[in-house]
Amino acid sequence: MKKHLLPVILGLAGAAMTAGVASAATLDSVKAKGFVQCGVNTGLPGFAAPDDKGNWTGLDVDYCKAVAAVVFGDSTKVKFTPLSAKDRFTALQSGEIDMLSRNTTWTMSRDTQMGLTFAGVNYYDGQGFIVKKALGVDSALKLDGASICVQSGTTTELNLADYFAGNNIKFTPVVFEKVDEVNAAYEAGRCDAMTTDASGLYAYRLTFQQPDAHIVLPEIISKEPLGPVVRAGDVQWLNIVKWTHDALLEAEEYGITSKNVDELKKSSTNPNVKRILAADDSKFGEAMGVPNTWAYTLIKQMGNYGEIFDRNVGAGSPLKIERGLNALWSKGGLQYSPPIR
Amino acid sequence: MTADTGIVTHTPSETARLAGPTQPSALNDPKVRAIGYQLVLAIFVIAFGWWITGNVIENLRRANIASGFDFLSGRAGFEILFSLIPFSANESYGRAFFVGLLNTAYVSVIGIILATIIGFTVGIARLSPNFLLRSIATIYVEFFRNIPPLLQLLFWYKAVLALLPSPRAGFVLPGDIFLNNRGLILPKPVAEAGAGIVFAAAVLAIIAAIFVSRWATQRRVLTGATFPTVKVVLALLFGLPCLAFVIMGGPFTMDVPVLQGFNFRGGMVVAPEFMALLLGLSVYTGAFIAEIVRGGILAVSKGQTEAAGSLGLTRTQMLRLVIVPQAMRVIIPPLTNQYLNLTKNSSLAVAIGYPDLVAVFAGTVLNQTGQAIEVIAITMLVYLTMSLLTSALMNWFNLRMALVER
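As the structure is a prediction and not an experimental result, all values here were calculated from the model.

A.B. asks: Please clarify how the overall build of chain B should be interpreted in this entry.
C.D. replies: Summing up its helical and strand segments, chain B has 13 helices and eight strands in all. Whereas a compact globule of 406 residues would reach a radius of gyration of roughly 22 Å, chain B reaches 29 Å, over 25% beyond that. Projected onto its principal axes, the C-alpha coordinates of chain B cover approximately 95 × 75 × 45 Å. The contacts in chain B between residues at least 6 apart in sequence include a share of 68% that link residues at least 24 apart. Taking the average location of the 27 positive side-chain charges in chain B and that of its 17 negative ones, the two points are 10 Å from each other.

A.B. asks: Explanation requested: the UniProt feature "domain: Solute-binding protein family 3/N-terminal" (unreviewed entry) in chain A in the structure shown.
C.D. replies: This chain's UniProt record puts "domain: Solute-binding protein family 3/N-terminal" (unreviewed entry) on residues 35–264 of chain A. Overall, residues 35–264 of chain A shows 34% helix and 27% strand. The separation of its end C-alpha atoms is 29 Å.

A.B. asks: Looking at this model, I keep getting lost on the interface of chain B and chain A. Mind explaining?
C.D. replies: For interface size, the figure often reported is the accessible area lost on association. Contacts between the two partners involve 48 residues from chain B and, on the opposite side, 51 residues from chain A. Carbon and sulfur atoms make up 54% of the surface buried where chain B meets chain A, a total of about 3,900 Å² over both sides. Of all residues in chain B, F262, N367 and Q368 of chain B give up the largest surface area on contact with chain A, accounting jointly for 17% of the area buried on that side. Between D192 of chain A and R182 of chain B there is a salt bridge, and its shortest N-O distance comes to 3.1 Å. Listing elements by their share of the side of chain B that touches chain A, those giving two or more residues are helix 3 (30–62), helix 6 (149–160), strand 7 (263–265), helix 9 (272–299) and helix 12 (357–369) of chain B. The biggest single contributor to the side of chain B that touches chain A is helix 3 of chain B, with ten residues. Grouping the amino acids of the side of chain B that touches chain A by side-chain chemistry returns 26 nonpolar, 14 polar and eight charged.

A.B. asks: Can you walk me through the sheet that holds strand 8 (residues 127–132) of chain A in this structure?
C.D. replies: Residue and element names in this part refer to chain A. The strand order across the open sheet formed by five strands is 10-9-11-8-12, and the pairing between neighbours is mixed. With partners counted over all chains shown, the strands left at the sheet margins are strand 10 (171–176) and strand 12 (214–216), one partner each. Shown here is a sheet whose adjacent strand axes are inclined to one another by a mean of 30°, direction ignored. Across five bridges, the pairing between strand 8 and strand 11 (residues 193–197) is antiparallel. When the sheet's bridge partners are listed, Q127 is paired in strand 11 with D197.

A.B. asks: Any chance you could explain the state of the cysteines here in plain terms?
C.D. replies: Put plainly, two cysteines are in a disulfide when a covalent bond ties their sulfur atoms together. All names here are of chain A. Tallied over the full model, the rule gives two disulfides over all chains. Put simply, C38 and C64 are joined by a disulfide, and their sulfur atoms are 2.0 Å apart. Disulfide C38-C64: the torsion about the S-S bond is -55°, which places it as left-handed. Note that C38 is positioned in strand 1 (residues 36–41) and C64 in helix 3 (residues 59–72), a separation of 26 residues in sequence. On the basis of relative accessible area, C38 is assigned to the buried category, the value being 0%. Note that C149 is cross-linked by a disulfide to C191, the S-S spacing being 1.9 Å. With the S-S dihedral at roughly 70°, the linkage between C149 and C191 falls on the right-handed side. Pair noted here: C149 is in strand 9 (residues 146–151) and C191 is in the loop between helix 7 (179–187) and strand 11, with a separation of 42 residues, a long-range link. Across the pair, exposure class does not vary: C149 and C191 are buried alike. In chain A, the bonded cysteines, taken in the order they occur along the sequence, pair up as 1-2, 3-4.

A.B. asks: How do you make sense of the environment of L179 of chain B when you look at a structure like this?
C.D. replies: Residues and elements named next belong to chain B. Looking at where L179 falls in the secondary structure, it is placed in strand 2 (residues 177–180). For L179, a relative accessible area of 21% translates into the label partly exposed. Ignoring anything within four residues of it in the chain, the contact list for L179 reads L164, G170, F171, L173 and L184.

A.B. asks: In this structure, what is going on with the side chain of Q127 of chain A? I would like to understand it.
C.D. replies: Residues and elements named next belong to chain A. Relative to the assigned elements, Q127 resides in strand 8. Q127 sits in the buried class, given a relative accessible area of 0%. Engagement of the side chain of Q127 in a polar contact is seen with the side chain of N159, the distance being 3.0 Å. Among the polar contacts made by the side chain of Q127, one reaches the side chain of T195 at a distance of 2.7 Å.

A.B. asks: Which parts of the structure should I look at to understand the sheet that holds strand 2 of chain B?
C.D. replies: Sheet strands pair by backbone hydrogen bonding; their relative direction is either parallel or antiparallel. All names here are of chain B. What the four strands build is an open sheet, ordered 1-2-3-8; its pairing is antiparallel. Each edge of the open sheet is held by one strand with a lone partner, namely strand 1 (171–173) and strand 8 (268–270). When the angles between neighbouring strand axes are averaged without regard to direction, this sheet yields 20°. Pairing analysis gives three bridges linking strand 2 to strand 3 (residues 183–186), with the strands arranged antiparallel. Each residue of the ladder has a partner; that of L179, found in strand 3, is L184.

A.B. asks: Honestly, helix 12 of chain B in this entry has me stumped. Any pointers?
C.D. replies: Residues lying three or four places apart along an α-helix face the same way, a consequence of the helix completing one turn every 3.6 residues. The terminal C-alpha atoms of helix 12 of chain B, which comprises 13 residues, lie only 16 Å apart, well short of the 18 Å expected from a rise of 1.5 Å per residue. Helix 12 of chain B sits mainly inside the fold: 13 of its 13 residues count as buried.

A.B. asks: What's the story with the pattern of salt bridges in this structure? I'm lost.
C.D. replies: Pairing between side chains of opposite charge can happen when their charged atoms approach one another. Residue and element names in this part refer to chain B. Applying the stated criterion across every chain yields a total of 16 salt bridges over all chains. Residues R145 and E142 are paired through a salt bridge, measuring 3.4 Å at the closest nitrogen-oxygen approach. Pair noted here: R145 and E142 are both in helix 5 (residues 131–145), with a separation of three residues, about one helical turn. Its relative accessible area of 33% is what places E142 among the partly exposed residues. Residues R294 and E291 are paired through a salt bridge, measuring 3.1 Å at the closest nitrogen-oxygen approach. Of this pair, R294 and E291 both sit in helix 9, three residues apart, which is roughly one turn of the helix. Looking at R294, the relative accessible area reads 24%, which means it is partly exposed. Connected through salt bridges with shared partners, the residues R126, E142, R145, E291 and R294 form a single ionic network.

A.B. asks: It is not clear to me how the UniProt feature "domain: ABC transmembrane type-1" (unreviewed entry) in chain B should be interpreted in this structure. Could you clarify?
C.D. replies: UniProt's entry tags residues 101–394 of chain B with the feature "domain: ABC transmembrane type-1" (unreviewed entry), counted in the numbering of this structure. In residues 101–394 of chain B, the share of helix is 69% and the share of strand is 10%. The end C-alpha atoms are 21 Å apart.

A.B. asks: What exactly am I supposed to notice about the side chain of D60 of chain A here?
C.D. replies: Residues and elements named next belong to chain A. Positionally, D60 belongs in helix 3. The charged side chain of D60 is buried without a salt bridge, its nearest counter-charge being R102 at 7.3 Å. From its side chain, D60 meets the backbone nitrogen of N103 in a polar contact 2.7 Å long.

A.B. asks: What exactly am I supposed to notice about the packing of helix 4 (residues 93–125) of chain B against helix 13 (residues 372–401) of chain B here?
C.D. replies: Axis angle and axis distance: for two packed helices, these are the angle between their axes and the distance between the axes, and together they describe the pair. Residue and element names in this part refer to chain B. Remark: helix 4 packs on helix 13, axes separated minimally by 12 Å, with the N-to-C direction vectors making an angle of 35°. In this structure, helix 4 meets helix 13 at a crossing whose hand is right-handed. Residues F97, L101 and T104 of helix 4 form the contact with helix 13, whose participating residues are I378, V382, Y383 and M386. By residue class, the composition of the contact of helix 4 with helix 13 is six nonpolar, one polar and no charged.

A.B. asks: Hey, could you run me through the environment of N337 of chain B in this one?
C.D. replies: In this fold, N337 of chain B is placed in helix 11 (residues 315–345). Through-space distance from the C-alpha of N337 of chain B to that of S391 of chain B is 8.2 Å; in sequence the pair is 54 residues apart.

Reading the values: rules and limits
Per chain, residue numbering runs from 1 following the sequence as it is written. Each chain is given a letter, starting from A, and each ligand a number, starting from 1, according to the order in which they appear as written. With the structure being a predicted model, the display of local features is reserved for residues of pLDDT at least 70 and the display and counting of side-chain atom pairs for 80 or more, all residues being used for whole-chain, interface and lining totals. Side-chain metrics rest on all non-hydrogen atoms present in the structure, leaving aside hydrogens and water. What counts as a helix is a DSSP run of H or I of at least four residues, what counts as a strand is a run of E of at least two, and both are numbered from the N terminus. Two things to know: the radius of gyration comes from C-alpha atoms, and the globule rule equals 2.2 Å times the number of residues to the power 0.38. Every residue pair with non-hydrogen atoms within 4.5 Å of one another is taken to be in contact. Neither His nor the chain ends contribute to the count of charged residues, in which Lys and Arg are positive and Asp and Glu negative. Where a charge lies is defined by one atom per residue type: Lys uses NZ, Arg uses CZ, Asp uses CG and Glu uses CD. UniProt positions are given in the numbering used here, feature names are shortened, and annotations may be inferred rather than shown by experiment. Summed over both partners, the accessible area lost on bringing two parts together, with a 1.4 Å probe, is the buried area. Salt-bridge detection follows one rule: a side-chain nitrogen of Lys or Arg within 4 Å of a carboxyl oxygen of Asp or Glu. Three classes are used: nonpolar for Ala, Val, Leu, Ile, Met, Phe, Trp, Tyr, Cys and Pro, charged for Asp, Glu, Lys and Arg, and polar for all others, with Gly counted as polar. Here the rule is simple: two strands pair whenever DSSP picks up at least two bridges between them. To define axes, lines are fitted to C-alpha atoms, for helices over the stretch in contact only, and angles between the resulting N-to-C directions are given on a 0 to 180 degree scale. To count as a disulfide, a pair of cysteine sulfur atoms needs to be within 2.5 Å. Accessibility here uses a 1.4 Å probe with only protein chains present; expressed as a share of the type maximum, an area under 20% marks a residue as buried, one over 50% as exposed, and anything in between as partly exposed. In the analysis that follows, any N or O atom pair within 3.5 Å is treated as a polar contact, provided that within protein one partner can donate a hydrogen and the other can accept it, and provided that, for residues neighboring in sequence, both atoms belong to side chains. For a helix, the expected span equals 1.5 Å multiplied by the residue count minus one. Should the near helix be turned anticlockwise from the far one by less than a right angle, the crossing is left-handed, and should it be turned clockwise, the crossing is right-handed.

Shown next as structure tokens:
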């Protein structure tokens with residue numbers, strides 16, 4: 001037996017050594033395997049949830065597809081990994097996924113201490129509370145002594161403690177790992193209130209047995225800029241994800257939609273539009289390591305930011321969330337893209 | 001072949017050659033070669049560990065992921081449902097670790113005590129001559145032993161305790177005790193001046209009880225005279241603190257919970273998450289312990305029971321004086337296993353929101369700091385230490401209970 005052990009160990013060590021050299025070029029590995037592995041929420045209607053046919057849909061899901069459209073010219077070349085809030089960063093750090101698009105709040109420590117880089121903000125959110133109407137509470141400041149259900153490992157958990165400490169009122173946290181468990185405990189009456197990002201509160205309310213019996217309190221207690229995340233140190237891949245988002249915004253700003261993109265590519269005289277759609281032989285895609293028609297296929301297959309917003313969370317969806325902060329900068333919102341030039 | 005197995009077989013001609021004047025080379029000595037292989041293996045294992053560690057540190061540095069244990073002194077910033085030591089968001093991650101550790105230890109220790117009581121009761125009941133008692137015990141064991149513990153936890157939490165009414169419509173039990181979906185809310189005794197004397201009396205009573213029982217055993221061994229040890233010890237344990245309590249004029253006040261706003265204010269709260277975890281763990285492990293106890297008792301030869309019976313001992317006396325002491329020698333080793341299992345299973349708490357070590361430290365702290373390797377390593381080390389400690393304690397107990405042969 002001993003004789004056989006040695007080569008086995010040598011082999012193991014060798015295998016570990018080759019596996020240990022982490023590849024920095026995410027784009028190469030994505031191209032080699034033929035799809036983008038994207039981390040999404042386990043189920044947040046409007047952002048990432050499987051529909052009745054089992055297909056993933058939502059704003060965050062569309063961002064995964066958008067990156068696939070940019071890299072492969074085909075938005076279907078994407079695979080999804082549903083992740084709990086607790087597992088999401090480890091999955092990205094370890095290389096299990098290529099990008100994380102899971103309503104994740106951009107914070108300084110996540111950017112500087114965790115080996116991650118945020119690639120933009122695809123949804124400006126803020127944390128709120130939902131309570132049962134029967135409780136007779138109309139303000140978060142009246143929640144003194146309440147039990148509050150919250151998901152573990154989120155900025156929400158920290159904001160909650162800060163808000164109550166800042167207002168000198170007390171609460172009892174009831175913490176679960178999975179959002180389904182948070183919802184179930186709140187609905188079962190274990191908690192007086194539930195807290196998460198306001199968009200999430202509206203989305204989850206739709207899934208409750210009696211949505212009308214619950215009310216979202218007016219206070220927004222935090223800034224929650226949500227966006228896609230990539231591993232730090234791979235600028236090429238960061239640029240692809242970042243400029244995918246920016247191209248969606250630019251397209252909306254210049255009125256390019258999935259319906260008129262073909263026509264505009266042929267006939268538009270606007271130099272901005274021509275540059276974005278590479279109708280003037282621009283080579284922006286090549287410089288980034290993707291086809292030059294990247295933005296054209298992106299908009300053709302996914303639509304612009306406004307279209308994505310509308311069909312997933314906006315007027316065209318059951319959530320009916322106003323654009324608000326997420327309107328373009330030119331329309332009183334915060335969504336602003338650096339120019340593509 | 002011979003070098004591998006260590007068994008040396010020689011044909012007669014070889015034996016003759018070996019016995020000759022030429023000394024065989026040390027390289028051909030199976031013992032030397034075996035040691036050589038072991039050395040090479042050890043060097044490789046150490047080198048492998050060294051390389052892995054270096055590789056991890058280097059890659060973390062390259063990926064710009066913070067490493068090291070400095071994060072433990074950082075501000076936690078989150079609240080915890082239930083804590084044995086004072087905790088707030090302003091405390092450190094290190095303190096959050098201790099909160100989680102104590103919560104795990106708390107539910108494990110109480111769970112072990114409860115599971116042992118359940119296990120011994122049911123195990124003995126399974127051997128009862130009473131048909132009804134025996135059947136109930138059998139059904140209990142077969143039912144709870146064969147359902148996964150996670151499922152049982154979810155059952156207790158979601159199907160039993162979650163159905164309790166809201167605080168405003170909850171049950172009011174005698175003695176200012178309230179039961180609702182926020183948990184079991186009890187009045188909390190608050191110590192006032194003079195309470196120290198009562199505690200001192202309790203400690204004194206325990207010391208006296210140990211002394212009395214030792215003295216009584218010694219006297220019985222020497223003279224054969226019996227002494228009502230149990231009665232005297234009970235009288236000491238209850239009487240002395242009660243006496244002190246009365247003399248000091250009852251130096252405790254009750255902090256009675258009052259329904260105010262959403263929840264009860266004051267008193268002590270036993271959270272439903274804790275109740276569900278405790279119930280789930282002790283009922284599940286209790287079923288296994290019952291079988292171990294039954295097996296242990298059956299391992300004591302029937303002759304012992306018959307001999308005890310012929311001495312005129314009652315069934316209780318037979319169990320207490322003859323059967324159980326001998327059965328313990330068979331019971332303790334597998335019992336240790338069950339205690340370890342219970343401690344490890346307590347990490348399932350994460351599924352029902354009880355803030356144990358895994359939920360608080362390997363959950364929230366890991367996610368807020370992103371330092372997965374350090375956090376998971378510490379957590380594993382803690383479980384390992386707890387298991388080894390339990391093992392050591394039970395080995396010591398086993399040694400004490402073992403048959404002393406002369």
